[in-house]
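Chain by chain, the residues run as shown.
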2 protein chains.
Amino acid sequence: MSFISKIFNSHPEKDGDFFLGITHILGFKPKNISIYRKAFLHRSANKKDKDGNPLNYERLEFLGDSMLGTIISKYLYNEVPLGDEGYLTKMRSKIVSREHLNELGKDLELIKYVESRISKSHFGDNIHGNVFEALVGAIYLDRGYQYCEKFINERVIGPYVDIEQLEGRVISYKSLVIEWCQKQKKQFNYNVYEDTGNDTLKHFAVKLSIDNNVIAKARATSKKKAEEAASKRAFFALQDKIKKSK
Amino acid sequence: MSFISKIFNSHPEKDGDFFLGITHILGFKPKNISIYRKAFLHRSANKKDKDGNPLNYERLEFLGDSMLGTIISKYLYNEVPLGDEGYLTKMRSKIVSREHLNELGKDLELIKYVESRISKSHFGDNIHGNVFEALVGAIYLDRGYQYCEKFINERVIGPYVDIEQLEGRVISYKSLVIEWCQKQKKQFNYNVYEDTGNDTLKHFAVKLSIDNNVIAKARATSKKKAEEAASKRAFFALQDKIKKSK
């Protein structure tokens, strides 16, 4: 058995868990699980291949960072047909900002799978985003471009990317809805409850009622996001009313 | 007929030429030729879509730049298994440098197809690299990732990327070969002749003889490149002899 396979088989009781956990995060089955192992290998683990060369996620992070940028570029190209290249570049930087990627990595709880020698509490925030990028790199090598695009559409663009908000045109739909209710002297209520179901991540559901009528529902990985999503739906449903009231 | 199709059909006598020329450059047939038209549309042409929005290659350049970086990243990841992410980043910057892309765009004679209002002699050197990136963006939209990878492998990596040279370990194989011949008191001769055949681009072939024995042949888009390629082959063929003579 080579040294690499020894590393990857050193916790046989955990291997099945790792495979299942990663499959849940990806939404599809890995072909070569050892590439994903590498995506979670922190340099402090000090792992080496059979020739003594360092083995950690940093090379995969380099690859994933580039692929993520490309798929976001294509999304923006198609989504914002009137944006010039300056606008597209600016929006892409916002989407792939360190802060944004760290949030993503945290929501996916990637740190659970990180193998390191230093305590996870000593990692800075960037570990979350770095491992997320390494995971994209691993998908690229393991399953190719199309699976990367699918993963990024489902895990990044769908749940996190809102052009309106990124442009700063709308900071919070919730505040717009509340402002409107107050002006109109209407009662509003955000009814939030946990609703994880079969998902990998904890999820919250929210029902937004105005004057005791449920007018929007949403579900997301945090209370704040669920409320914001429901508010956005309510906002568009009420848009005509809101516009007329101004 | 829409305004866009009017633009793209404004030179009917040239449309067939454009399609053939692009097919030659790509090495495969475009599906949607109008995307490639856009890749050659300079902002000075002042073209607009039917809603009056500017139409030029700059958005495609944004997309192609990103895709090119990703494919080069994957190439480097696989080709240099021991390079850390700092090394990979540095090598990628060298490969996709403005200077390098301009050389590429010039060799492909992309400027022939550029549509502009200002005279082509007034363009700076960057037009060549910019249009090359836009062309990669057009391939990405028209035919997807795999055709981009094929195109970049065939048109960039194969003919232009030499890790040894990029690392500065070897500046010129020709000078190594000449140095060796001089020390060994051997006659050398580079016999260069044009050999374009059915290629899109002008090609040169070279036969390198040492003491009247042909020891390497090569073919490339310039005399200098062909000589360098033949020298590299000769260098590896002679490597043992050269090492022993030092």
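Residues numbered from 1 in each chain as written. Chains lettered and ligands numbered in written order. Predicted model: local features only at pLDDT ≥ 70, side-chain atom pairs only at ≥ 80, totals over all residues. Heavy atoms only, no water.

## So, the sheet that holds strand E4 (residues 204-210) of chain A
All names here are of chain A. Definition in use: Between any two strands, pairing holds if DSSP finds at least two bridges. Only DSSP runs of H or I reaching four residues or more are called helices, and only runs of E reaching two or more are called strands; each is numbered from the N terminus. What counts as an axis is a line fitted to C-alpha atoms, over the stretch in contact for a helix, and the angles between N-to-C directions run from 0 to 180 degrees. By definition in these notes, contact holds between two residues if any of their heavy atoms fall within 4.5 Å.
Strand order in this open sheet of three strands is E3-E4-E5, and the pairing throughout is antiparallel. In the strand order of this sheet, the two ends are held by strand E3 (188-194) and strand E5 (213-220), each with one partner. For this sheet, the mean angle separating the axes of adjacent strands, direction not counted, is 20°. As judged from the seven bridges shared by E3 and E4, these two strands associate in the antiparallel manner. Directly across from Tyr190, in E4, lies its bridge partner Leu208. Lying over the sheet, helix H10 (residues 173-183) contacts E3 and E4, oriented at roughly 145° with respect to E3.

## Side note on the relation of the copies chain B and chain A
Here is the rule we go by: Each copy is superposed on the other by least squares, with the fit set by C-alpha atoms of residues at a pLDDT of at least 70 in both.
For these two chains of identical sequence, chain B goes onto chain A by a turn of 180° and a shift of 0.0 Å along the axis, with RMSD 0.1 Å. A rotation of that kind, with that shift, is consistent with a two-fold axis.

## Digging into the nonpolar core
We apply this condition: Take the buried Ala, Val, Leu, Ile, Met, Phe, Trp, Tyr and Cys residues and link them wherever side-chain atoms come within 4.5 Å; each set so joined is a nonpolar core. Note on exposure labels: buried denotes an accessible area under 20% of the residue type's maximum, exposed denotes more than 50%, and partly exposed covers the range between, all computed with a 1.4 Å probe on protein chains only.
Core analysis: the largest hydrophobic core is formed by 102 residues, its most contacted members being Phe132(A), Phe151(A), Phe132(B) and Phe151(B). If sequence neighbours within four positions are ignored, Phe151(A) has contacts with Ile25(A), Leu26(A), Phe28(A), Phe132(A), Leu135(A), Val136(A), Ile139(A) and Val156(A).

## Some details on the environment of Lys31(A)
Residues and elements named next belong to chain A. Among the structural elements, Lys31 can be located in the loop between helix H2 (12-26) and helix H3 (33-39). Take Lys31: its relative accessible area is 66%, and that puts it in the exposed class. In the structure, Lys31 is positioned 112 residues away from Arg143 in sequence and 7.3 Å away in space, judged by C-alpha atoms. Those residues within four positions of Lys31 in sequence are excluded, and the remaining contacts are Asp142 and Arg143.

## Section: the side chain of Glu149(B)
Within the secondary structure, Glu149(B) sits in helix H8 (residues 145-160). For Glu149(B), the contacting residues outside a window of four places in its chain are Ile71(B) and Lys74(B).

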